[in-house]
Amino acid sequence: INLSDSLNNKSSKKTQMFGVIMPDISRSLYPSLVQGFDHAVTEKNYQTMICQSSNDVSKQGNIILQLLYRGIDGLAIVSPATMTPTPAFQIQQLIDANIPVVACHRAIDGVNVPTLTWNREEVGRMAGILLMENGHKNIVYYGVSRYSVTEAHVKGLREVLKTAGICLDNDMVIYDPPSEDLDSETEKLERFAKLLKSKNPPTAVFCNDDNEAERVYWLATSLGLSVPRD
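Bear in mind that the values here come from a model prediction, so they are computed numbers and not experimental data. As a convention, each chain's residues are numbered from 1 in the sequence order in which they are written. Owing to the predicted nature of the model, reporting of local features is limited to residues with pLDDT of at least 70; listing and counting of side-chain atom pairs is limited to 80 or more, with chain, interface and lining totals taken over all residues. Each side-chain value is derived from all of the structure's non-hydrogen atoms; neither hydrogens nor water enter the calculation.

A. Fine view of the environment of Ile 174. Numbering of helices and strands runs from the N terminus, with a helix taken as a DSSP run of H or I at least four residues long and a strand as a DSSP run of E at least two residues long. Here Ile 174 shows up in strand β7 (residues 173–174). Between the alpha carbons of Ile 174 and Ser 145 there is a distance of 8.4 Å; along the sequence they are 29 residues apart. In contact with Ile 174, other than residues within four places in its own chain, are Val 140, Tyr 141, Tyr 142, Gly 143, Lys 188, Arg 191, Phe 192 and Leu 195. Note on definitions: a residue-residue contact is assigned when non-hydrogen atoms from the two residues lie within 4.5 Å.

Put into structure tokens, the structure is as follows:
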């Protein structure tokens, strides 16, 4: 029997189990997503299989193959891998096996599956309006890396600041290409520290997630600044 026949036999059996793949299971918004998903699944007497991809597209693909082999009944893929974009064929395997897939946080190019997301440019505009309403004009954007979400944040932020005559210069946008290199993260912090020490330091920072906010908070306080006073 070949692999294709084996997978088809597995997928034809109901396991009463739904899978969730996410980059991390312990930080940011992910624990609350796990709890909400598991609560909804348990109400229907199904089980939940939680899988962590570590934002690694190869690991994500391997997880999908294992879930296919187990014959799961559905999959939610939260924040599909971005270090290397998620290839359509990873998800198409599930679709071809008649396993429903829902994407959360961001869509997957090349496949048509329901996607739970939001308008990131509008988030950028809302952040800009809120900061300006609180008297801030010198604003920094600090993102985990440069990809579709952070680019949309910056676009929305720039748009609303421009209407108020405020320019968001490139040196006030701090994000780098995806990298596992520690020096890359150190360089980002050094760039931010240089801005904080400048003659006209920023008074507000828009971070793309809570991990980046923690880094910004730690650096600001280590330089003797008080958050939010300064």
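After presenting the structure, the write-up continues.
B. Layout of the packing of helix α5 (residues 120–133) against helix α6 (residues 148–163). Where α5 meets α6, the closest approach of the two axes is 7 Å, and the angle between their N-to-C directions is 45°. One element, α5, and the other, α6, form an angle in the oblique class. Between α5 and α6 the crossing geometry is right-handed. Along its contact with α5, which presents Arg 120, Glu 121, Val 123, Gly 124, Arg 125, Gly 128, Ile 129 and Met 132, the element α6 presents Val 149, Ala 152, His 153, Lys 155, Gly 156, Leu 157, Glu 159, Val 160 and Leu 161. Classifying every residue of the contact of α5 with α6 by side-chain character gives 8 nonpolar, 4 polar and 5 charged. The axes used here are C-alpha line fits, helices contributing only the stretch in contact, and every angle between their N-to-C directions lies in the interval 0 to 180 degrees. Between 65 and 115 degrees an angle is taken as roughly perpendicular, under 35 as roughly parallel, over 145 as roughly antiparallel, and anywhere else as oblique. Crossings are classed by handedness, with left-handed meaning an anticlockwise turn of the near helix from the far one by less than a right angle and right-handed meaning a clockwise turn. Put simply, Ala, Val, Leu, Ile, Met, Phe, Trp, Tyr, Cys and Pro go in the nonpolar bin, Asp, Glu, Lys and Arg in the charged bin, and everything else, Gly too, in the polar bin.

C. Fine view of the pairing of strand β2 (residues 47–52). Of the strand pairs in this sheet, strand β1 (residues 17–22) and β2 are connected by 6 bridges, and their pairing is parallel. Among the inter-strand pairings, Phe 18 is bridged to a residue of β2, identified as Thr 48. Since β1 and β2 lie parallel, the crossover through helix α2 (residues 30–43) that links them has a hand, and here it is right-handed. Should DSSP find at least two bridges between two strands, the strands are taken to pair. Here a crossover is taken to be right-handed if, once the strands point away from the viewer, the path from the first strand over the helix to the second is traced clockwise.

D. How the structure looks around the pairing of strand β6 (residues 139–142). Relative accessibility under 20% of the residue-type maximum defines a buried residue, over 50% an exposed one, and the middle range a partly exposed one, all with a 1.4 Å probe and only protein chains included. Where burial is concerned, the two faces of β6 agree: the one with Ile 139 and Tyr 141 and the one with Val 140 and Tyr 142 are both buried. Relative to strand β8 (residues 204–207), β6 runs parallel, the two sharing 4 bridges. In the sheet register, Val 140 faces β8, and the bridge partner there is Val 205. Of the pairings in the sheet, the one linking β6 to β7 comprises 2 bridges and is parallel in character. Its bridge partner being in β7, Tyr 142 is matched across the sheet by Ile 174. Each parallel crossover has a hand, and the one from β6 via α6 to β7 is right-handed.

E. Region of the structure containing the nonpolar core. Counting residues in hydrophobic clusters, the biggest one holds 27 residues, and the most contacted among them are Tyr 141, Tyr 142, Leu 157, Leu 161, Leu 168 and Phe 192. Of all elements in the fold, only α5, β6, α6, β7, α7 (182–196), β8 and α8 (210–222) reach the threshold of two or more residues within this core. Ranked by residue count, the leading element in this core is α7, at 5 residues. Other than its neighbours up to four places away in sequence, Tyr 141 contacts Thr 150, His 153, Val 154, Leu 157, Met 172, Val 173, Ile 174, Tyr 175, Phe 206 and Asn 208. What makes a nonpolar core is a set of buried Ala, Val, Leu, Ile, Met, Phe, Trp, Tyr and Cys residues whose side-chain atoms join them at distances within 4.5 Å. Met 49, Leu 67, Ile 99 and Ile 108 belong to the second-largest nonpolar core, a separate cluster that totals 20 residues.

F. Quick look at helix α3 (residues 57–70). Multiply 1.5 Å by the residue count of a helix minus one, and that product is the helix's expected span. With 14 residues, α3 should cover 20 Å at 1.5 Å per step; its first-to-last C-alpha distance of 20 Å lies within 8% of that length. Listed in full, the buried residues belonging to α3 are Val 57, Gln 60, Gly 61, Ile 63, Ile 64, Leu 67 and Leu 68. Summarising the axial view, the buried residues of α3 lie within an arc of 160°, below the 170-degree limit, and thus occupy one face. One side-chain oxygen of the residue at the start of α3 lies 2.8 Å from the amide nitrogen of Ser 58, identifying that residue as Asp 56. After α3 finishes, the residue Gly 71 shows a positive phi value of roughly 75°. Taken from the helix axis, the directions to the C-beta atoms give the arc we talk about. In protein, a polar contact means a hydrogen-donor-capable atom and an acceptor-capable atom, both N or O and within 3.5 Å, with residues adjacent in sequence counting only if both atoms are side-chain atoms; elsewhere, any N or O pair within 3.5 Å suffices.

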